[in-house]
Amino acid sequence: MFTIATWNINSVRLRAGLVTRLLSEEAPDILCLQECKSPVEKIPAQLFHDAGYRWMVARGQRGYNGVAILSRLPISDAGDRDYARLGHARHVAARLENGVTIHNLYVPAGGDIPDREVNLKFGQKLDFLTEMRDAFHADRPSRSILVGDLNIAPREDDVWSHKALLKVVSHTPVEVEHLLAAQDAGHWVDITRQDIPEGPLFSWWSYRNRDWDASDRGRRLDHIWASADIAAAGHASRVLRPVRGWEQPSDHVPVVAAFDLDV
């Protein structure tokens, strides 16, 4: 069995101490980070190596985007894809020795206005998801796990108020349609909801709300999917809500799952 966690860290250098705390307290075998906001050479890899995570595969940018996979299991670089040709560091893949490929994705947030005619960023988000769909149609994933900040809360109980957020970017019907089309194209299984099928479930709370815990106006933007051939091996999903209360936290919290697969 191995465990995998995904976390939008919102600056890996600023929050390196939170990363090492998570590695110490939760000890996932693999941690996938998004929004690292750092060139690869500036990621504090030695700090994570000293914590037992000897392998890292990453793609970075100065001040924006960036994805990294930290592992205490041997992994090799399995490439990346520039979805929608944005020139952004938003995808990286790594392969375990058992042949399982891990895809770490950071889907564009999409700006504030859910209309591609007046908001370039929203159009880029939809194009990114469309290229994901087409890629999965062309090459159906097998023995694969996809994780990351997908920046969409697809279900009504993935947001604090379905009615209030229908016209808010991250929960609009067109975004949900695009995300589910990509999921269906790859026959991906939502492991978190496979394990926790009912009830509100959030992984993000805005910085704008001072008392985020009491108001609980959250959204589930962070996901763990598995290809259909290994989905039955996924279990023990958790959303680490208390991490949002750590000092100088990210606005996202880690999402964790375990897989009963030989490593």
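Residues numbered from 1 in each chain as written. Predicted model: local features only at pLDDT ≥ 70, side-chain atom pairs only at ≥ 80, totals over all residues. Heavy atoms only, no water.

Attention now moves to the UniProt feature "site: Important for catalytic activity" (unreviewed entry) in the chain. UniProt records the feature "site: Important for catalytic activity" (unreviewed entry) at Asp222, using the numbering of this structure. A relative accessible area of 0% means that Asp222 is categorised as buried. When sequence neighbours within four positions are dropped, the list of residues in contact with Asp222 reads Asn8, Gln34, Gly148, Asp149, Ser203, His252 and Val255. Among the polar contacts listed, one links the side chain of Asp222 to the side chain of Ser203, at a separation of 2.6 Å. (UniProt positions renumbered as here; feature names shortened; annotations may be inferred. Buried < 20%, exposed > 50% of the residue type's maximum accessible area, 1.4 Å probe, protein only. Contact = heavy atoms within 4.5 Å. Polar contact = N/O pair within 3.5 Å; in protein donor to acceptor, adjacent residues only side chain to side chain.)

We now examine helix H5 (residues 173-185). Across its 13 residues, H5 extends 18 Å between first and last C-alpha, which sits within 8% of the 18 Å expected from 1.5 Å per residue. Where H5 is concerned, the buried positions are Glu175, Val176, His178, Leu179, Ala182, Gln183 and Ala185. Those residues of H5 that are buried are in contact with helix H3 (120-138), strand S9 (188-190) and strand S12 (222-227). Positioned one or two residues after H5, His187 has a phi angle of 55 degrees, which is positive. (Helix = DSSP H or I, 4+ residues; strand = E, 2+ residues; numbered from the N terminus. Expected span 1.5 Å × (residues − 1).)

Attention now goes to the pattern of salt bridges. Any two side chains of opposite charge can pair, given that their charged atoms come close. Here the structure, examined in full by the defined rule, presents 17 salt bridges. The salt bridge partner of Arg116 is Asp127, with a shortest N-O separation of 3.1 Å. Of this pair, Arg116 sits in the loop between strand S7 (101-106) and H3 while Asp127 is found in helix H3, placing the two residues eleven residues apart along the sequence. Judged by relative accessible area, which is 32%, Asp127 ranks as partly exposed. By sharing partners, the salt bridges in this structure join Arg155, Asp157, Asp158, Asp190, Arg193 and Arg220 into a single network. (Salt bridge = Lys/Arg side-chain N within 4 Å of Asp/Glu carboxyl O.)

In this structure the tally under the stated criterion is seven aromatic pairs. Ring centres of Phe2 and Phe259 lie 5.8 Å apart, and the angle between their planes is 25 degrees; this geometry places the pair in the stacked category. Residue Phe2 is located in strand S1 (residues 2-8), and its partner Phe259 is located in strand S14 (residues 255-259); the two are separated by 257 residues in the primary sequence. No difference in accessibility class separates Phe2 from Phe259, as the two residues are buried. Following the ring pairs from residue to residue traces out a cluster consisting of Phe136, Trp188 and Trp225. (Phe/Tyr/Trp six-rings, centres within 6.5 Å; stacked < 30°, edge-to-face > 60°.)

This part covers the sheet that holds strand S3 (residues 55-59). What the six strands build is an open sheet, ordered S3-S4-S2-S1-S14-S13; its pairing is mixed. On the outer flanks of this sheet lie S3 and strand S13 (234-239), each paired with one strand and no other. Strand after strand, the sheet turns through a mean of 15 degrees between neighbouring axes, direction not considered. Both S3 and strand S4 (residues 67-71) contribute to a ladder of five bridges, which runs antiparallel. Its bridge partner lying in S4, Ala58 is registered against Ala68. Sitting on the sheet, helix H1 (residues 16-25) touches S1, strand S2 (30-34) and S4, and the angle it makes with S2 is about 155 degrees. (Pairing = 2+ DSSP bridges. Axes fitted to C-alpha atoms, helices over the stretch in contact; angles between N-to-C directions.)

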